[in-house]
Amino acid sequence: MTGPLLKVENLRIALQGDGVTFNAVENVSFEIGRGEAFGLVGESGCGKSITALSVMGLLRRPLSLGGGRIVLDGEEIQNASAAEMRRLRGKRVAMIFQEPMTALNPLSPVGRQIAEMFVLHQGANWRDAMDRAEEALRQVRVPSPERRIRDYPHQLSGGMRQRVMIAIALACGPDLLIADEPTTALDVTVQAEIIDLMAELCAAKGTAILMISHDLGLVANMCRRVAVMYAGRIIESQVADAIFAAPSHPYTRGLIDSLPRLGERAKRGRQRLTEISGVVPSIQAYPAGCRFNPRCHAVTEICRTTAPEATSLPADGVVRCHHHG
Amino acid sequence: MAEALLSLDDLAVQFKVGSMLAGGIKTLKAVDGVTLDVKPGECLGLVGESGCGKSTLALAIMGLVLPTRGRIHVGGQQISGDKPPDRMAMARTVQMVFQDPYASLNPRQTVRRTLADPLHLHGVGDKAEVEARVIDMMAKVGLRPEHADRYPHEFSGGQRQRIGIARALILKPKLVICDEPVSALDVSIRAQIINLLLELKDEMGLAYIMISHDLGVVEHVSDRVAVMYLGRIVEQGGWQEIFENPRHPYTRALIAAIPDPFHRAAATVAGAKAKGEIASALNPPPGCHFNPRCPMKADLCTVETPLLEAVSPGHLAACHFRDRVI
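For every chain, the first residue of the written sequence is number 1, and numbering continues from 1 along that sequence. Each chain is given a letter, starting from A, and each ligand a number, starting from 1, according to the order in which they appear as written. Restriction of local features to residues with pLDDT of at least 70 applies here, the model being predicted, together with a cutoff of 80 or more for giving and counting side-chain atom pairs; totals for whole chains, interfaces and linings are based on all residues.

A. Quick peek at the overall build of chain A. Helix and strand assignments follow DSSP, with helices taken as H or I runs no shorter than four residues and strands as E runs no shorter than two, numbered in order from the N terminus. From N to C terminus, chain A includes 13 helices and 12 strands. For a compact globule of 325 residues, the expected C-alpha radius of gyration is about 20 Å, and chain A comes in at 21 Å, within 12% of that figure. Each principal axis of the C-alpha atoms in chain A carries an extent, and together these give about 65 × 50 × 40 Å. The contact criterion used here is simple: two residues whose C-beta atoms, placed from the backbone, lie within 7 Å are in contact. Look at the contacts in chain A between residues 6 or more apart in sequence, and 62% of them connect residues 24 or more apart. Radius of gyration here uses only the C-alpha atoms, and the compact-globule reference equals 2.2 Å multiplied by the residue count raised to the power 0.38.

Have a look at this one:
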């Protein structure tokens, strides 16, 4: 089949407040091709995680799908029943989370939690499933998997737990792996290993990745294309290399310029870091027009009144800014 | 050379963990023989992964845990296992900025009270002077006078960190320990706080110990850098030496682990990423603690602990192969 693996169109996620409804996410559209690694970047509260949850059909009150389409492999799933979604989750779309300790069942040995995937989704018997779980642990490079299979999550280190999560997520060979800040809780050297492992396994199996992170550098390293979210909207989406070479939106440029980069000081001496003024707005107080306007250095009158439409950039890029470039 | 403001001499901090009933009591060597200086006005970057002992080191310097062995000299005071510090004098010399500005401020105290209390405790009795110093300090960290009567929950994360910094500086300390001061903040706010810390350092002549796992931040702010692994310093030197000519494989692994969208690290730093994870401090590997993860491991490394010795003046590395250029 041709066409993208996942297509999200004009997604709107409603947040039910006290008698008011906010749009926690609006107008979010993106596509992920088969086997492609796609990154969704933004600060806490920008709506990136709930966008991922909506693809998994896991939005719960006070959040709900307010509109838009989610198309997986040509099939609309935004209105799928709970039973249908349960069949999709784990089998076609799998997800790993930031804190593996809270995502794993503390009362069940990790081997059993992996084996469960084969039993539930592929009708395997437990004995075969446990053998395959051991193989899955070996694939994510957990040392001595034949012993580890009987360990409980608390007996493993953070990095090992995240490997178990990856083993569970990839057990049934899903088409799409959603990784929500998979390495934020880990040390940097372990993070590098986990990222390499994920990229390698997904490439080998042809699994597409939706990588969610606040770390633009991490995402750009791993993903072919990157979308940047701010206050519930995608403000820029580009090929990863292009976003660093020529960021179009003032927010993206600000983020890239504001981070001290390794090697920069040796080259140019210590420069004052470029600041983005102000703070991230809260959902109750999203500004009118472009939501970045109170913090933007290039703000003009139109930015305060009118939300910018999407403008096309080369290579399928998109930017939402009245003064992009 | 200026007299050191802080000097650690073979500092060790050990904890007893476990119980006689469940497997016996073990000794956890959180800090294991650290020798280190910080000069007035200098910024020392302290780098390492969780569990390497950097926070215990910070607590020891603050006088909050006592050394098991070795000595700490700070601002004319000496702390050792049998000589606890004079807390009041310590507070006027060393202060700390914490990682989480949500957890480290008292939610029931206004900004004014948070900043005025230390002054009262340290004998600034005059009301007008206290008020003037509070307002002056708030201005220095970029808070407006009308913020003084607000409570922490009324502020954003970045502003709360400004309050945390103001509280640390109100007694005009000489040394400030910044423990991951920006890692809990929104990415777009971090530059504001880093710039502020650097400005205050120049303005007030402060020395910093900057604890961070973000090497980009450490390179940006530090004059010298020390890298810790399982309680020991494995490399220390000027920031340029550490980042451009790292001699310990662990330092190289840390640098190689940074996702670098500009593909620069690969060109400047050779050496493989580290394998596996940091070992338990309860049961560290013999010899060089890094040996199970090291791409350069040789038999010698499992037997003999490498000493922290000079590669060049001021640049020390604890590796048997410190002179092997990759």
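After presenting the structure, the write-up continues.
B. Looking closely at the pairing of strand 4 (residues 69-74) of chain B. Residues and elements named next belong to chain B. Strand pairing is assigned whenever DSSP detects at least two bridges linking the two strands. Here strand 1 (residues 6-17) pairs with strand 4 via 5 bridges, running antiparallel. Paired with Ala 12 across the bridge in strand 4 is Arg 69. Relative to strand 5 (residues 77-80), strand 4 is paired through 4 bridges, and the arrangement is antiparallel. Counted as the bridge partner of Arg 71 is Ser 80 from strand 5. In this structure, the hairpin formed by strand 4 and strand 5 is closed by a connection of 2 residues, where Gly 75 is found at a positive phi of approximately 50 degrees.

C. Quick look at the confidence of the model for chain B. Residue and element names in this part refer to chain B. The predictor reports its confidence for every residue as pLDDT, a score running from 0 up to 100. When pLDDT is averaged along chain B, the result is 90, and 95% of the positions lie at 70 or above. Note that pLDDT drops below 50 for residues 264-269; the model gives that stretch 13 contacts with residues more than four away or on any other chain. Interface confidence for the predicted complex, given as ipTM, is 0.83, next to a pTM of 0.88.

D. Geometry of helix 1 (residues 48-55) of chain A. Residues and elements named next belong to chain A. Counting other C-beta atoms within 10 Å of each residue's C-beta, where C-beta atoms are placed from the backbone, gives the exposure class: buried for 20 or more, exposed for 12 or fewer, partly exposed between. Taken together, the buried positions of helix 1 are occupied by Lys 48, Thr 51, Ala 52, Ser 54 and Val 55. In an axial view of helix 1, the angular spread of the buried residues amounts to 160 degrees, which keeps them on one side of the axis. Just downstream of helix 1 lies Gly 57, where phi reads positive at about 70 degrees. An arc is given here, and it is the one of the directions from the helix axis to the C-beta atoms.

E. Fine view of the sheet that holds strand 2 (residues 21-32) of chain A. All names here are of chain A. With antiparallel pairing, the 4 strands of this open sheet are ordered in space as 2-1-4-5. Looking at which strands have only one partner, the edges of the open sheet turn out to be strand 2 and strand 5 (75-76). In this structure, strand 1 (residues 6-16) lies alongside strand 4 (residues 63-72), joined through 8 bridges in antiparallel fashion. Bridging across to strand 4, Val 8 finds its partner in Ile 70.

F. Here's a closer look at the interface of chain B and chain A. The interface is formed by 37 residues belonging to chain B together with 36 residues belonging to chain A. The dominant element in the side of chain B that touches chain A, judged by the number of residues it contributes, is helix 6 (residues 187-204) of chain B, at 8 residues. Among the residues forming the side of chain B that touches chain A, the class breakdown is 17 nonpolar, 11 polar and 9 charged. Under the scheme applied, nonpolar residues are Ala, Val, Leu, Ile, Met, Phe, Trp, Tyr, Cys and Pro; charged residues are Asp, Glu, Lys and Arg; polar residues are all the others, including Gly.

G. Inspection of the sheet that holds strand 11 (residues 309-312) of chain B at higher detail. All names here are of chain B. Within the open sheet, the 8 strands sit side by side as 6-7-8-3-9-10-12-11. Their pairing is mixed. Every interior strand has two partners, whereas the edge strands, strand 6 (94-97) and strand 11, have only one. The sheet shows a mean angle of 25 degrees between the axes of neighbouring strands, direction not considered. Relative to strand 8 (residues 207-211), strand 3 (residues 43-47) runs parallel, the two sharing 4 bridges. In the strand pairing of strand 8, Leu 46 is matched with Ile 211. Of the strands in this sheet, strand 6 and strand 7 (175-179) are in contact with helix 5 (residues 157-169), which crosses strand 6 at around 175 degrees. To obtain an axis, a line is fitted to C-alpha atoms, over the contacting stretch when the element is a helix, and the angle between two such axes runs from 0 to 180 degrees between their N-to-C directions.

H. Structural view of helix 4 (residues 110-122) of chain A. Residue and element names in this part refer to chain A. Given a helix with a known number of residues, its expected span is that number minus one, times 1.5 Å. With 13 residues, helix 4 ought to run about 18 Å at 1.5 Å a step, and its terminal C-alpha atoms sit 19 Å apart, in line with that. Among the residues of helix 4, those classed as buried are Val 110, Gly 111, Ile 114, Ala 115, Met 117 and Phe 118. Seen end-on, helix 4 carries its buried residues on one side only, within an arc spanning 135 degrees. For helix 4, the secondary structure elements touched by its buried residues are helix 5 (126-139), helix 6 (145-148) and helix 7 (158-170). One or two steps after helix 4, the chain reaches Gly 123, where phi turns positive at roughly 65 degrees.

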